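# Coordinates in review
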Amino acid sequence: MPQSIFTELFTYDPAAPSELLGKWRISSQLDSELQPLRVGVIEDRIGKTVGRITVQEGDGLTGANEAMLQARDYICNSKGSRAAAVEAEPGGVVPSERAEIQVRSDRATGAGELVKFGERVWYRFSFKIAGDWPHDVPVVGRQLCRTVIHQIKQDSFKDGKSCDASPFFKIEARPLGERVRFFAQVASGTPCAPSPMVTHAQICRRDLPRESWTTVQVRLNPAHDGSGRVDVWLNGTFCGTYQGPMADRDYGARRNGAPFINAQPRFGIYRDWRAETQTIYFDKIMFWNADPSGDPDWGVTPPG
């Protein structure tokens, strides 16, 4: 039976989060003094410590100009997101906030990378949405507020400048009344084109309860061509699949001439700018580079 290549069980002392902060790369946009406050572990009612990540208004805020800051011109509120309207404006930028942990790797050598183009990977994690999430009820004409809880990304560059590529695989849990809307999405195409040519395929849409653990399993083969594939399970039930190209074949990040995934898996909260606090819990994050079927750790039972 194959051994996992990465395991995080969050078995740390809640009063001393330095081990957790040392194992993971923390969002660079998040003030270093805030990191131990926003990222840590907590005793859960399942009888063990779990990871806790919180984002508050202004955490890792990017894209907001001085006028927006003065006006508190939030992108999201209980009626949904204004992101589409802002993006439609000339030069429109949608300010975002984040508090995330990212698998550490050496971008120069590739040491520590868990996800690589052309290599299949299996992984699982459990998450729980805290009760402090907003209870959004969007109005007609507005989308639900974006809340990404997991993402893997290959950045794109042209003439030395970032093209703001989308994650080629992400999972969202968007606030929706008493529940959250879960879905996975795959992105492919060229964000660096004069008219960005990026397609998004949404898979696996489900509504989930708050304050309840959900186990996610993913089988991923990242590729720029038709061999790319993602399969997702929720609590042991097959949820959806995507097959086809992903990420940016033309301008995606390269190392020694070969494309590579420079933004390894992240877990936490990445959202459009809003006032309310949001907290998420994670447990048992594990990766394998061979089929783990039969391994009890690949199991699908939520922790509690």
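The sections below set out a description of the structure shown in this document. (Residues numbered from 1 in each chain as written. Predicted model: local features only at pLDDT ≥ 70, side-chain atom pairs only at ≥ 80, totals over all residues. Heavy atoms only, no water.)

### Topic: the overall build of the protein
A tally of helices and strands in the protein yields four helices and 21 strands. On C-alpha atoms alone, the protein measures out to a radius of gyration of 19 Å, which is about the 19 Å that the 2.2 N^0.38 rule sets for 304 residues. Taken along the three principal axes of its C-alpha coordinates, the protein extends 55 × 45 × 35 Å. Per-residue burial for the protein yields a buried fraction of 52% across its 304 residues. For the protein, the share of sequence-separated contacts (at least 6 apart) that also reach a separation of at least 24 residues comes to 70%. (Helix = DSSP H or I, 4+ residues; strand = E, 2+ residues; numbered from the N terminus. Rg over C-alpha atoms; globule rule 2.2 N^0.38 Å. Buried < 20%, exposed > 50% of the residue type's maximum accessible area, 1.4 Å probe, protein only. Contact = heavy atoms within 4.5 Å.)

### Regarding unusual backbone geometry
Of note in this structure, arginine 72 is not a glycine but carries a positive phi near 50°. For arginine 72, the location among the structural elements is in the loop between helix 3 (66–71) and strand 5 (76–77). Of note in the backbone geometry, aspartate 164 takes a positive phi value of approximately 55° without being a glycine. Note on placement: aspartate 164 falls in the loop between strand 11 (161–162) and strand 12 (169–176).

### Quick notes on the side chain of threonine 279
Assignment of secondary structure puts threonine 279 in strand 21 (residues 278–288). Residue classification places threonine 279 among the buried residues on the basis of a relative accessible area of 7%. Side chain to side chain, threonine 279 and threonine 54 meet in a polar contact 3.0 Å long. In this structure threonine 279 touches Arg52, Ile53, Thr54, Ile129, Ala130, Asp132, Trp133 and Ile269, once residues within four positions along its chain are discounted. (Polar contact = N/O pair within 3.5 Å; in protein donor to acceptor, adjacent residues only side chain to side chain.)

### Section: the pattern of salt bridges
Taken as a whole and assessed by the stated rule, the structure comprises 21 salt bridges. In this structure, aspartate 44 engages lysine 128 in a salt bridge whose closest nitrogen and oxygen atoms are separated by 2.7 Å. Residue aspartate 44 is located in the loop between strand 3 (39–43) and strand 4 (49–55), and its partner lysine 128 is located in strand 8 (residues 121–129); the two are separated by 84 residues in the primary sequence. A residue is classified by how much of its surface remains accessible, and aspartate 44, at 10% relative accessible area, is buried. Across the pair arginine 255 and glutamate 113 runs a salt bridge, and its minimum N-O distance is 2.8 Å. (Salt bridge = Lys/Arg side-chain N within 4 Å of Asp/Glu carboxyl O.)

### Things to note about the nonpolar core
Of all hydrophobic cores here, the largest spans 54 residues; its most connected members are Phe127 and Phe169. Among the elements that make up this core, the one with the highest residue count is strand 8 (five residues). Aside from chain neighbours lying at most four places away, what touches phenylalanine 169 is Tyr123, His150, Gln151, Ile152, Ala184, Gln185, Val186, Val218, Val230 and Val232. In this structure, Cys76, Val86, Cys145 and Trp273 belong to the second largest nonpolar core, which totals eight residues. (Core = buried A, V, L, I, M, F, W, Y, C linked by side-chain atoms within 4.5 Å.)

### Quick notes on the pairing of strand 15 (residues 214–221)
For strand 15, the tally of buried residues reaches seven of eight residues, placing the bulk of the element in the interior. The sheet contact formed by strand 8 and strand 15 spans seven bridges and is antiparallel. Following the sheet pairing, tyrosine 123 is matched in strand 15 by valine 218. Here six bridges tie strand 15 to strand 16 (residues 229–234), and the two strands are oriented antiparallel to one another. Residue pairing for strand 16: glutamine 217 is matched across the bridge by tryptophan 233. (Pairing = 2+ DSSP bridges.)

### Side note on the packing of aromatic side chains
By the definition in use, this model includes 14 aromatic pairs. Both rings, one in phenylalanine 125 and one in phenylalanine 127, keep their centres 6.3 Å apart while their planes meet at 40°; by these two values the pair is tilted. The buried category is assigned to phenylalanine 125, whose relative accessible area is 0%. According to the relative accessible area criterion, phenylalanine 127 is buried, its value standing at 2%. Ring plane angle 90° and centroid distance 5.7 Å describe the contact between tryptophan 288 and tryptophan 298, whose orientation is recorded as edge-to-face. Of this pair, tryptophan 288 sits in strand 21 while tryptophan 298 sits in the segment after strand 21, and the two are ten residues apart along the sequence. Of the two residues, tryptophan 288 and tryptophan 298, both sit in the buried class. (Phe/Tyr/Trp six-rings, centres within 6.5 Å; stacked < 30°, edge-to-face > 60°.)

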